[in-house]
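Here is how the chains run, residue by residue.
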Amino acid sequence: MRTEFLPIYVIGLIFFALLNSCETKPDFIGSDLLPSGDNFTVSFDSTEIVHAYSVLGDSLIGSNKEIQLLGSIIDPFFGFSKAEYVTQIEASSSSQSFGLNPVVDSVILYLQYNEISGEGIFPQQIRAYEYLEYLRKDTNYYTNKDITGLYRQPEIGTGWLSFNDTVAKIYITDDEFINKFLQAEDSILKNTDYVQELMYGIYLTSDDVTTEGFIASLPHDASGTLLRFYYANDTLDSLYQDYDISRVASQQFNLFKHDYTGYPIEGYLSDTSRNNSLMFLQSMSGVYSIIRFPGFTSWLDSMPVAINEAN
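What counts and what doesn't
- Residues numbered from 1 in each chain as written.
- Predicted model: local features only at pLDDT ≥ 70, side-chain atom pairs only at ≥ 80, totals over all residues.
- Heavy atoms only, no water.
- Helix = DSSP H or I, 4+ residues; strand = E, 2+ residues; numbered from the N terminus.
- Buried < 20%, exposed > 50% of the residue type's maximum accessible area, 1.4 Å probe, protein only.
- Areas by Shrake-Rupley, 256 points an atom, 1.4 Å probe, with all protein chains shown as cover.
- Patch = residues over 30% accessible without salt bridge, like charges linked within 9 Å, V, L, I, M, F, W, Y side chains within 5 Å.
- Salt bridge = Lys/Arg side-chain N within 4 Å of Asp/Glu carboxyl O.
- Core = buried A, V, L, I, M, F, W, Y, C linked by side-chain atoms within 4.5 Å.
- Contact = heavy atoms within 4.5 Å.
- Polar contact = N/O pair within 3.5 Å; in protein donor to acceptor, adjacent residues only side chain to side chain.

A. The overall build of the protein chain, seen in detail. Scanning the protein chain from N- to C-terminus turns up five helices and 17 strands. Each of the 311 residues in the protein chain was classed as buried or not, and the buried ones make up 41%. Working note: accessible area of the protein chain is about 17,800 Å², and carbon and sulfur atoms make up 52% of it.

B. Fine view of the environment of Ser283. Inspection of the secondary structure puts Ser283 in the loop between β16 (279-282) and β17 (287-292). Taking the C-alpha atoms as reference points, Ser283 and Phe256, separated by 27 residues in sequence, lie 10.0 Å from one another.

C. Seen up close, a nonpolar patch on the surface. A contiguous nonpolar patch, built from Ile291, Phe293 and Phe296 and spanning about 300 Å² of accessible area, is present on the exposed surface. Looking at the secondary structure, you find Ile291 in strand β17.

D. Highlighting the nonpolar core. Ranked by size, the top nonpolar core spans 37 residues in total, and within it Ile172, Phe181 and Leu227 carry the most contacts. Counting residues per element, this core draws most heavily on helix α1 (residues 175-182), which supplies four residues. Apart from residues lying up to four places away in sequence, Phe181 is in contact with Ile89, Phe98, Leu189, Leu198, Met199, Leu227, Phe229 and Tyr243. Counting residues in each nonpolar core, the second largest holds 10 residues, with Tyr129, Leu135, Tyr203 and Leu255 among its members.

E. Layout of the side chain of Gln282. You can see Gln282 is positioned in strand β16. A polar contact is formed between the side chain of Gln282 and the side chain of Ser81, at a distance of 3.3 Å. At a separation of 2.7 Å, a polar atom in the side chain of Gln282 contacts the side chain of Tyr260.

F. Spatial organisation of the pattern of salt bridges. Taken as a whole, this structure holds 12 salt bridges when the rule is applied. Between Lys190 and Asp186 there is a salt bridge, with its nearest N and O atoms 3.2 Å apart. Using a relative accessible area of 29% as the deciding quantity, one classes Asp186 as partly exposed. Between Arg228 and Asp242 there is a salt bridge, with its nearest N and O atoms 2.6 Å apart. On the criterion of sequence distance, the pair formed by Arg228 in strand β13 (residues 226-232) and Asp242 in strand β14 (residues 239-244) is long-range, its members being 14 residues apart. For the residue pair Arg228 and Asp242, the accessibility class agrees, reading buried in each case.

G. View of the environment of Leu255. Looking at the element boundaries, Leu255 is found in strand β15 (residues 252-259). The exposure class assigned to Leu255 is buried, which follows from its relative accessible area of 3%. Sequence spacing of Leu255 and Ser285 is 30 residues, and the spatial spacing of their C-alpha atoms is 9.8 Å.

So this is what it looks like as structure tokens:
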């Protein structure tokens, strides 16, 4: 049974006068000096002007995360959002020479995911491309990175991301990609550094949904996420070897895209000079809200201040 977690998108209705009150009452200073049953109260009531509005986000560091996201979604308030994914692969205990005259039966990229955000029930087609830029583990990659021209066309394989499944299977059919491995020496295929120079990485993206949709979460340490070659050679049949994907030895990063055109949030992003009674908060480096207290810095200059309790 799938367990659906809370949506990525949160709409915040924030009223400017009051948000939340403290759950635990602070100790009143000097209360131990008063007679039993007595108490004192100090209060101050004030109305201050607050400026608040929602703005577009810029980017986040998308690399070296424990969770990567994949898929696209249309939200009735936020519009279209999309998560793409770039990753290296690494050698495993089964990586080795393919032997004499290897014949590949199939090559499958398995992507294990354990959580879904969204309500779309229709599968999303996933396309895999060979990434053409060497990825460095000591470099931060941001979610707004422009990868135009950094992946080889056409796609090397396709598969489906399903709402009611836990593993996506991307069938790799590109001969140029496959032959890089079949023709490589044993010493290269057994060494992660050499494998990542042989094939820089894989770029994964989904086709844009036209209604609803969902975003899948891919844990970095999932044992079922790997690239597997099924093959035979002159000596043996029914062989396979794996190339792992993990955050430990592979660089990975997300790319996020948003389009708010024609959706309710668009009007709140066009004019940041006004105060908005409705503000928005969105993950995936999307929209966030700014709240300003124009007179805040002058409060301390106006009079001595002692705060026993604030709501």
